[in-house]
Amino acid sequence: MKKIISSLFIVAGLFVLLGYAGVVSASTTPKLFMDGKQLVTDVDPIIKQGTTLVPLAVISRDLGYEVKWDNKAQQATVLDKETSIKLTIGQKVGYVNDKSYELSQAPSLVKNRTMVPIRFVSEVLGLKVEWKQKTFEVLLTSPVKPTPTPTPTLPPTPTPTPAVQEATVTGVVLSEEGNLHIGYTGTLGDPKVMLLPADANNPARLVVDLNNTGYTYELANSFIKGQTEVTLNGYASMTGYRFSQFSSNPLVARIVVLLNDGVNYQVSRSSSEVLISFNGEVHEQPSDPSGTSPTPTPTPTPPATGDSVYHIVLDAGHGGKDPGASNESLGLMEKTFTLSLTLKLKQQLEQNSKVKVHLTRSDDTYPELSERVAFAQNIPGVGKKADVFISIHANSFKTNPAVNGTETYYYKENSKQLAQTVHSAMISSLGLADRKVKTAGFKVIKETTMPAVLLEVGFLSNTSDAKVLFDEEKQNKLAKDLAASLFQYLNV
Ligand SMILES: [Zn+2]
């Protein structure tokens, strides 16, 4: 029942604006315009393998941003209200507020001038950038301007490579759920993903770059002003998206999604498509992927119990035939971790006589998800439902092993406080990256009615996280800290 809405593919035979086979030659000088006024520079802007580099002076003198130059580090820092951009001569990595981003071209020195990739800098600063292939013009449109400052001076070197096309984008389609499917053929490496923060003029933008990737002839020919732009209404995830051949050498296909506030996204890749999804999930399957927004159930927390003890059900994720996520190179399986932490947590919790713990599994077996739900709804031998349900998992994102951190999921409103309490405990206990408390309709937390959470303690696909997850000492500490947070939650 997935109706796919195709993007607009206008066959505009007249407008062959941007091909993808090295159309741009390095010897041509592009003209630079700011709000319609041509900018004159002592050193001409250059195009290096499809990327326009301009003298740093343009950023300070013409665009009016504060620029600092560290001669020793060969590093320029461009400052805007809450944004700092660090660019280093010869380095293809730029930093925005200390988060690293890959640049299509390294800043370089030309005639003693620092040349920086104008599109990257402009997009981070919230300027609109348009490239006119026909006339070789870069058009910049300003947001609000801060005050100007002087320019630096300097020395060293950059580097080039030949354009290779290994993959071809065959279609960009939006599903009914608001996920973006980017179909491709050929061999595709991991997408490069960066998030540009919202500013006065732009919403937050998710930028996905596919390296060594072109478009089919039809898609490339349908570009208007070098891109296809789609504006949307009524989608929870985004207000629109656009895609273009961002660079012709190296060949980079770029997809930009205009995100709505506070949306969680995931970018994953299969053998035939790159999926930008907004269900907030990586490997666990929500029981109802089409309706993952939680239904507010006005049951306040913490639980009230007539009993003298609180019954906590701990659910060690996966087990038996289902190993869950794995890290092959380290020989680790999620089911081993979940059981190990569950048993340690049980031991810690039972130090408190006000708490009784029940396990959905205590060995390497696999209870079905529906059995786990039934267990929590009517604990065998107790004859009532649990007061708290905790499902323990580890995450995985194999296409990007750099993804790491801790997240906590809840579904019903009555579980939010529990989620926040245990999440804080995990973050301070392990110190892994904070991927926040999120909502998703996983069966075990959706179909149970007591406060219920699902913990994704860390990413097994990330070597550093995986080592923490399987460290006995860290597990013991986490069990202790989680138990303490639950005692605090239950006020026992
Ligand atoms: Zn899992």
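Everything below is about the structure printed above this text.
In this text the structure is predicted, and so the values were computed from the model without any measurement.

Quick notes on the rules
- Residues numbered from 1 in each chain as written.
- Predicted model: local features only at pLDDT ≥ 70, side-chain atom pairs only at ≥ 80, totals over all residues.
- Heavy atoms only, no water.
- Buried < 20%, exposed > 50% of the residue type's maximum accessible area, 1.4 Å probe, protein only.
- Helix = DSSP H or I, 4+ residues; strand = E, 2+ residues; numbered from the N terminus.
- Pairing = 2+ DSSP bridges.
- Core = buried A, V, L, I, M, F, W, Y, C linked by side-chain atoms within 4.5 Å.
- Contact = heavy atoms within 4.5 Å.
- Polar contact = N/O pair within 3.5 Å; in protein donor to acceptor, adjacent residues only side chain to side chain.
- Axes fitted to C-alpha atoms, helices over the stretch in contact; angles between N-to-C directions.
- Salt bridge = Lys/Arg side-chain N within 4 Å of Asp/Glu carboxyl O.
- Parallel < 35°, antiparallel > 145°, perpendicular 65-115°, else oblique.
- Left-handed = near helix turned anticlockwise from the far one by under 90°.
- Nonpolar A, V, L, I, M, F, W, Y, C, P; charged D, E, K, R; others polar.

Novice: When you look at the pairing of strand β21 (residues 238-248) in this model, what are you seeing that I'm missing?
Specialist: Side-chain positions along a regular strand alternate between the two faces of the sheet. By the criterion of burial, β21 is predominantly enclosed, with ten of the eleven residues buried. Direction of pairing for strand β20 (residues 227-231) relative to β21: antiparallel, over a ladder of five bridges. Residue pairing across strands places T231 opposite G240, the latter belonging to β21. As defined by bridge partners, β21 adjoins strand β22 (residues 251-259) across nine bridges and the pair is classed as antiparallel. Its bridge partner being in β22, Y241 is matched across the sheet by V257. From the end of β21 to the start of β22, which pair antiparallel, there are two residues.

Novice: How do you make sense of the nonpolar core when you look at a structure like this?
Specialist: Among soluble globular proteins, nonpolar side chains are generally buried collectively. One finds L349, L455 and V457 to be the most contacted residues of the largest nonpolar core, which totals 39 residues. Counting residues per element, the ones that place at least two in this core are β25 (310-316), α4 (334-349), β28 (355-359), β29 (388-395), α6 (416-430), β32 (452-459), α8 (463-469) and α9 (472-490). If one sorts the elements of this core by residue count, α9 sits on top with eight residues. In this structure V457 touches F337, L341, H393, A394, G405, T406, M426, L430, L432, L469 and L478, once residues within four positions along its chain are discounted. Membership of the second largest hydrophobic core comes to 38 residues, among which are L32, M34, L56 and V256.

Novice: It is not clear to me how the environment of S104 should be interpreted in this structure. Could you clarify?
Specialist: Take S104: it is sitting in the loop between β10 (99-102) and β11 (108-110). Along the chain, S104 and L251 lie 147 residues apart, while their C-alpha atoms are 9.4 Å from each other. For S104, the side chain forms a polar contact with the side chain of T51, separated by 2.8 Å.

Novice: Just checking my understanding: could you explain the sheet that holds strand β31 (residues 434-439) for this structure?
Specialist: Sheets are built from strands that pair by backbone hydrogen bonding, the pairs being arranged parallel or antiparallel. In spatial order, the strands read β28-β25-β29-β32-β30-β31; together these six strands make up an open sheet with mixed pairing. The open sheet is flanked by β28 and β31, the only strands paired with a single partner. Strand-to-strand twist of the sheet, defined as the mean angle between neighbouring strand axes without regard to direction, takes the value 20°. Packed onto the sheet, α4 meets β25, β28, β29 and β32 and runs at close to 145° relative to β29.

Novice: Any chance you could explain the pattern of salt bridges here in plain terms?
Specialist: Where charged atoms of side chains with opposite charge meet at close range, the side chains can pair. What the rule picks out here adds up to 17 salt bridges. Notably, a salt bridge pairs K128 with E130, separated by 3.9 Å at the nearest N-O pair. For E130, a relative accessible area of 19% translates into the label buried. Residue E447 pairs with K443 through a salt bridge whose shortest N-O separation is 3.3 Å.

Novice: Teacher, can you tell me more about the packing of α6 against α9 here?
Specialist: Helix-helix packing: each pair is described by the crossing angle between the helix axes and the interaxial distance. Packing of α6 against α9 leaves a shortest axis separation of 9 Å and a crossing angle of 150°. Taken together, the axes of α6 and α9 are roughly antiparallel relative to one another. The way α6 lies across α9 gives a crossing that is right-handed. Here α6 contributes Q417, L418, T421, V422, A425, M426, S428, S429 and L430 to the contact with α9, which in turn contributes K474, K477, L478, D481, L482, S485, L486 and Y489. Partitioning the contact of α6 with α9 into residue classes produces nine nonpolar, five polar and three charged.

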